[in-house]
Amino acid sequence: MIEQVIPSQLPAWLHAAADGGALPLLLDVREPAEWQAASVRVGGAELLQLPMHSIPPRLSELDPERPVAVLCHHGGRSMQVAMFLAQHGFERVANVAGGIDAWSLQVDPSVPRY
């Protein structure tokens, strides 16, 4: 089962995930035009922007032992990617429930909703 993290809880999840020593990864699987429309910055994690369709061919570039929180617009694509990663041996994966839209509503209203 994939862990669901609401945006307001993401900083605490990242902090707890970092206790293992590895810097957590916030994987944004939206399309480039969406990144230009709205983006997030979260302390305590590396942000990597890879569109959902590019994950399978680039899977070897990701570390399966590194904690990963996956983000999209509303949480659907990120959930699919999180399940894909878990099926491929990633040990600590979370879906950012509600995506960047929920981030704008719960955490940072300066992030545009689209």
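Look above for the structure.
Residues numbered from 1 in each chain as written. Predicted model: local features only at pLDDT ≥ 70, side-chain atom pairs only at ≥ 80, totals over all residues. Heavy atoms only, no water.

Engineer: Before we go on, may I ask you to explain the sheet that holds strand 5 (residues 93–96) in this structure?
Structural biologist: What holds strands together in a sheet is hydrogen bonding between their backbones, with the strands either parallel or antiparallel. The five strands lie next to each other as 1-5-4-2-3, forming an open sheet whose pairing is parallel. With partners counted over all chains shown, the strands left at the sheet margins are strand 1 (3–5) and strand 3 (46–49), one partner each. Between one strand and the next, the sheet's axes are offset by a mean angle of 30°, whatever the strand orientation. In the packing of helix 4 (residues 76–87) onto the sheet, contacts are made with strand 1, strand 2 (25–28), strand 4 (68–71) and strand 5, and the angle to strand 5 comes to roughly 175°. (Pairing = 2+ DSSP bridges. Helix = DSSP H or I, 4+ residues; strand = E, 2+ residues; numbered from the N terminus. Axes fitted to C-alpha atoms, helices over the stretch in contact; angles between N-to-C directions. Contact = heavy atoms within 4.5 Å.)

Engineer: Hey, could you run me through the environment of E3 in this one?
Structural biologist: When you line up the elements, E3 lands in strand 1. We classify E3 as partly exposed; its relative accessible area is 34%. Apart from residues no more than four positions distant in its own chain, E3 is found in contact with W13, R92, V93, A94 and N95. One polar contact links E3 to W13, side chain to side chain, over a distance of 3.1 Å. (Buried < 20%, exposed > 50% of the residue type's maximum accessible area, 1.4 Å probe, protein only. Polar contact = N/O pair within 3.5 Å; in protein donor to acceptor, adjacent residues only side chain to side chain.)

Engineer: Is there a simple way to think about the pairing of strand 4 in this case?
Structural biologist: In regular strands, side chains alternate between the two faces of the sheet. Side chains V68 and V70 of strand 4 all project onto a buried face; the interleaved residues A69 and L71 project onto the opposite face, where all are buried too. As judged from the four bridges shared by strand 2 and strand 4, these two strands associate in the parallel manner. Bridging from a neighbouring strand, L25 pairs with V68 of strand 4. Here strand 4 pairs with strand 5 via three bridges, running parallel. Each bridged residue has a counterpart across the sheet, and for A69 the counterpart in strand 5 is A94.

Engineer: Teacher, can you tell me more about the nonpolar core here?
Structural biologist: In terms of nonpolar packing, the biggest core is built from 17 residues, with L10, W13, L26, V40, V42, I100 and W103 touching the most fellow members. Counting residues per element, the ones that place at least two in this core are helix 1 (10–18), strand 4, strand 5 and helix 5 (99–106). Here this core gets four residues from one element, more than from any other, and that element is helix 1. Filtering out sequence-adjacent residues up to four positions away, W13 remains in contact with E3, V5, P67, V68, A69, R92 and A94. The next biggest cluster of nonpolar side chains, apart from the first, holds 16 residues, and it includes I2, V29, V70 and V93. (Core = buried A, V, L, I, M, F, W, Y, C linked by side-chain atoms within 4.5 Å.)

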